[in-house]
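Here is how the chains run, residue by residue.
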Amino acid sequence: MWRYIVRRLLQTIPVILGATLLIYALVFLQPGDPIVALFGEKPVSEAARAQLEAQYNLDKPFIVQWLLFLKGALVGDFGTSYSGQPVSDLIARSLPVTFQLAFMAMIIEAILGVVAGFYAGLRRGHIFDSTMLVVSLVVIAIPIFVLGFALQLIFGVQLQWVPPTVGSATTFTNLLLPAVVLGLVSFAYVLRLTRTSVIENLTADHVRTARAHGVPDGVVNRRHVLRNSLIPVVTFLGADLGALMAGAVVTEGIFNINGIGNLAYQAILRGENPTVVSVVTIMVLIYVVASLLVDLLYAALDPRIRYA
Amino acid sequence: MQPKRILKYVGALSVAALAFTACGGGDDAAGGSADGEMVINAHGTEPQNPLVPTNTNEVGGGHIVDAIFAGLVSYATDGSTEMEVAESIESEDNLTWTIKLKDGWTFSDGTPVTANSFVDAWNYGANPDNAQLNAYFFNPIEGTDEEGNSTDGETLSGLEVVDDLTFEVTLKEPASDFPDRLGYSAYFPLPEVAFEDMEAFGEKPVSNGPYVLEEWNHDVEAVLSTNPDYEGNRTPQNDGLIFKFYTDPDAAYTDVQSGVVDVMDQVPPSAISTFQDDDSIQAFAEPGSVNGTITIPSRLEHFGDDEEGQLRRQAISKAIDREAVTSTIFDDTYTPATDFSSPLMPDFTEDVEGADVLEFDADEAKELWAQADEINEFTGSFELSYNADGAGNREWVEAVTNQIRENLEIEAEPNAFAAFAEFRELITNRELDTAFRTGWQPDYPSVYNYIAPTFGTGAGANDGDYSNPDFDQALREAAAAEDDATRAEHLADAQAILMEDLPAIPLWNRDAIAIAAQGVEGVQVNWQNQPEYYLVTK
Amino acid sequence: MHNHTPQPGQERFVAPAIDTELPTAVDVDTSHPPESQWKQAWKSLRSNWIFWFSAILLLLVLVVVCFPTLFTSVDPRSADLSNSLGKPQPGHIFGFDRQGYDVFARTIHGARASVIIGLLTTLIVTIVGLLTGAIAGFFGGWVDTIISRAADIFFAIPLLLAAIVGLSALNNVWPNRGYWGGVSAVVIALAVFGWPQITRIARGAVMEIKNLEFVDAARSLGASKWRNLFTHIIPNALPPVIVTATVSLGVYIVAEATLSFLGIGLPPSVVSWGNDIAAAQPQVRSGDNLHVLFFPAGALAMTVLSFMLLGDAVRDALDPKARK
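Residues numbered from 1 in each chain as written. Chains lettered and ligands numbered in written order. Predicted model: local features only at pLDDT ≥ 70, side-chain atom pairs only at ≥ 80, totals over all residues.

**Side note on the sheet that holds strand 7 (residues 166–170) of chain B**
All names here are of chain B. Note the cut-off: Should DSSP find at least two bridges between two strands, the strands are regarded as paired. The way it works is that DSSP assigns letters per residue, a run of H or I at least four long becomes a helix, a run of E at least two long becomes a strand, and they are numbered from the N terminus. All axes here are fitted lines through C-alpha atoms, helices being fitted over the stretch that makes contact, and every angle between N-to-C directions spans 0 to 180 degrees. It is the C-beta atoms, placed from the backbone, that decide contacts: two residues are in contact if theirs lie within 7 Å.
With antiparallel pairing, four strands are arranged side by side in an open sheet as 4-5-7-6. Strands with a single pairing partner mark the edges of an open sheet, and in this sheet they are strand 4 (86–91) and strand 6 (159–163). Sheet twist, expressed as the mean angle between neighbouring strand axes with direction ignored, is 20°. In the packing of helix 3 (residues 115–126) onto the sheet, the strands contacted are strand 5 (96–101), strand 6 and strand 7, and the crossing angle to strand 6 comes to about 165°.

Dropping the structure here:
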């Protein structure tokens, strides 16, 4: 087990190198000149341009930029944004709130999705199952920038159950609505995945056997059906944390949350390579850890899977 | 808000089982004055650069810099120039200007505002080693290149300190409106302490304006308190300002509705059609100074500097029903253009010769296009490029290309760019082979500032590479004019030339829009389309 | 299998014939061609009304995609601002949007770009993801390591951010790409960063299945590794893959809407549900004229519904134990 963990951790090194190189290449290929963007409609002199390019390493070939970035990142120096702030400060400011938001969203989607999917699977074809189908269709078919906006207007502005925007007050209650909005799409995945697995497992041999042994339905459903249905769900959720943090781009904008998704998006618009790449690196790290945890969870959920 | 609207949302989204009680009526701007302090919460965006006046060129930082610094002159709400730190700004020949300062002005650290505070700040701003984003503004001063950077090291040859309260500025060529330009933030003074560590200064500037910066809480807010030592023209009527930062104007609008934000300088596209009837807020919409134009570079095939190009430009201008777009797409918050500037400018002329080319006439448009086709047949598609990160661009570009397509019976389509950076780079490098949207927000109140930087031969923002010696001559005459009336005349002549050549097609002026929470008073929108924050009370 | 502690009443238990594994295992092993499992699936599919319902719905969508002019003769790009936000009326049953476009014509013509983006992306992602995931999960060891870590590289960068950056990079190397170019670019951007989702799901499912008895049985009966993978493992690993893919189909169509909303998806001249949903966003605040949002979103929902139901039916058919 420990050997497995160590090996997996070692394997994250090429993943991080690969992912940062990939994002660096893409960012490097971005059209748009960040210096021109800085100056807006006003002209830039050659001298001023040379000065800024040297300052942000923009004058170096892309592979050198990447290596310089890695060198800095190793000692926790992610460079400075064009507004003159250390990128590590920017990340330190925005990461906790995104993390909190993504975590809340994940809990919400996991609990609601698994419970709803479980019952929909048990009562397949019944009214609850059909209702959940419609709910997931609505959630999937209406993009977040419309749905989140509508929920904000209903619950925040008109009913005033929650504050419409979050701003600096990142309390649990303030983040509740954004977390629900953020988790909606993934909720549909979790719901459908759980439902299918439950249906699948209801007819599985060990479940039938247990039932035939006279184990009460409730116990069978919980112990045998649910537990075995969780594997694809756990797989999905582990990979979803990263998606939630980036999906936060739109949600964070709607609810004015100064999170990492928003930070990345604004940086992309401004062509701030150091910020974009640093944020993505952090996201990669989080993803890698989450996916390692998922692989370990497999073993806990399904004793047949063993790691050597 | 009316309950029926709630029901509509629900119906449309099929969200079942929402029990509604009464909706929360007008929860008017409560709070804020609880402890007797009247602090105004204003919508803002995170400044993208350090708060150094010569390095702040976007609205987010601009709001703050304008509030905390005072320049030689200040602009009244209507755009007229008033002396602020300057006692007098005088010149015999419009070329060499003697600037005398009032005695007794201090920065918030107690040091006096002297001639050196200005000269050193300007030298710093023009020095290419400092790569300041507003260097362009120093371009009229002797010793700078076209981009406004100094050509000979750290000091500009055109700046000379005479004594503590006097300095002289020598320009490259005469400019009668030079004093009017000096209220722009690039010309603000800096205290000595700034030059010791500009980076630290940019985080927490020491300033001489109506307010001082208490705290810049990044990505969240900037807290400004009033400056007790300030004795200029813009005396704060409130006890402080907090600029709350948003990345999405929709979120800010929502916060104005609920009274979290008191005043906001814009309205998101989603609320354009409703904000004037929205009884949870106060709406302000007046004619504004920002204009919108379509630039068709003369390097484009069929749009060259010849008869064919001129006919096609006129045809396109006449094929656009500006009225229809401003009333449906912008819900009358834009006004169709009648010239290349804005009616708000003091030197605006009502009827520029040839301005009828801006009037919609589908038949004539088609005829002009047919005439051009006789010279050289048009094939392909007329594309109009825009940047999609600017709110609302897409809607009007789509509407305008639709009109061109239908009225000229040619293919016309929008061409989107995700980010302004990309869009701008292609324009700057002359690599964009389509027509593109342009617009201008004046740096100082004059028609001259709309047309000189954008259409003068070789000028910095002349994106279409327009060049007409007659136009340049008219500009020079306007700059050297003795009095305002002659100046306005020369500017009208210059505009008449533009109407014929149409290097850009004027579309409309954006109204100066602001909204405020209920109970907020004193909202006045100035010539730069910004609320006068120092006047706001509640 | 799980170790059950002996339950009371165990001795009374007699397994009904249907529960016995044996017939299935024998059925699959030697003489029959590998397709037999698929054939059986088709047999059970034919008798499922949900399958027919969803198939007809899907067929309708596909006909609209291929022949939009059968349903409307109105040009979806013809606009008159004087019709702006007009209510549904005879001849224009879905009304007009803000630009004065006929919403019915837009909804019909918008199907092509949207459905192709959703379908093509899902297809690529599913095939690549299923193969890589199944191979990784089945063979394990260094094969698993390489595939899983390669998948991590692409999946660690969140889809939306990656698509934003990827699409604008594509803009740089491939400008002015027109209708099909625009559609392909969105598909490429979504697929390049989307496949690992299926890889992970498929890998997890395969790892679970390869330890099941019937697989062991087939192996012990002499089936080759690859044949085993394709005849037994993949069909049984399909259910979570199908479910994820059907949901993803909707998610990809909507991702196009989000990308278009941000100005990097399809060019505005391409008629798509996503472009129209993005354009309808401002209507949400006033709550008026929501028909401009309802119809494209409704068409999208209907398409996703047909795929979900179809996926459900196929899943049932593939599950030997659930077969009637």
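**Overview of the interface of chain A and chain B**
For an interface, size is often stated in terms of accessible area lost upon the parts coming together. So the rule is basically this: Note that Gly is not counted as nonpolar here; it falls among the polar residues with everything else outside the nonpolar set of Ala, Val, Leu, Ile, Met, Phe, Trp, Tyr, Cys and Pro and the charged set of Asp, Glu, Lys and Arg.
Taken residue by residue, the interface counts 50 residues in chain A and 50 residues in chain B. Elements with a contribution of two residues or more to the side of chain A that touches chain B: helix 2 (34–39), helix 3 (46–55), helix 6 (127–141), helix 7 (144–158), helix 10 (217–254) and helix 11 (260–270) of chain A. Per-element tally for the side of chain A that touches chain B: the top contributor is helix 7 of chain A, with eight residues. Considered class by class, the residues forming the side of chain A that touches chain B number 25 nonpolar, 20 polar and five charged.

**As for the pairing of strand 15 (residues 381–387) of chain B**
The side chains of a regular strand alternate between both faces of the sheet. Residue and element names in this part refer to chain B. Quick reminder of the rule: A residue is called partly exposed when the number of other C-beta atoms within 10 Å of its own lies between 12 and 20, exposed at 12 or fewer, and buried at 20 or more, with C-beta atoms placed from the backbone.
Burial analysis of strand 15 places six of its seven residues in the buried class, which makes it a mostly covered element. Taken together, the seven bridges between strand 15 and strand 16 (residues 411–417) define a ladder with parallel strand orientation. Along strand 16, the bridge assignment pairs Ser 385 with Asn 415. Bridge count between strand 15 and strand 17 (residues 435–440): two bridges; the pairing is parallel. In the strand pairing of strand 17, Ser 385 is matched with Phe 436.

**Concerning the sheet that holds strand 15 of chain B**
All names here are of chain B. What the six strands build is an open sheet, ordered 14-18-13-17-15-16; its pairing is mixed. The open sheet has two edge strands with one neighbour each: strand 14 (334–336) and strand 16. Averaged over all pairs of adjacent strands, the angle between their axes in this sheet comes to 30°, without regard to strand direction. Packing against the sheet, helix 12 (residues 420–428) makes contact with strand 15, strand 16 and strand 17, and its axis sits at approximately 125° to strand 15.

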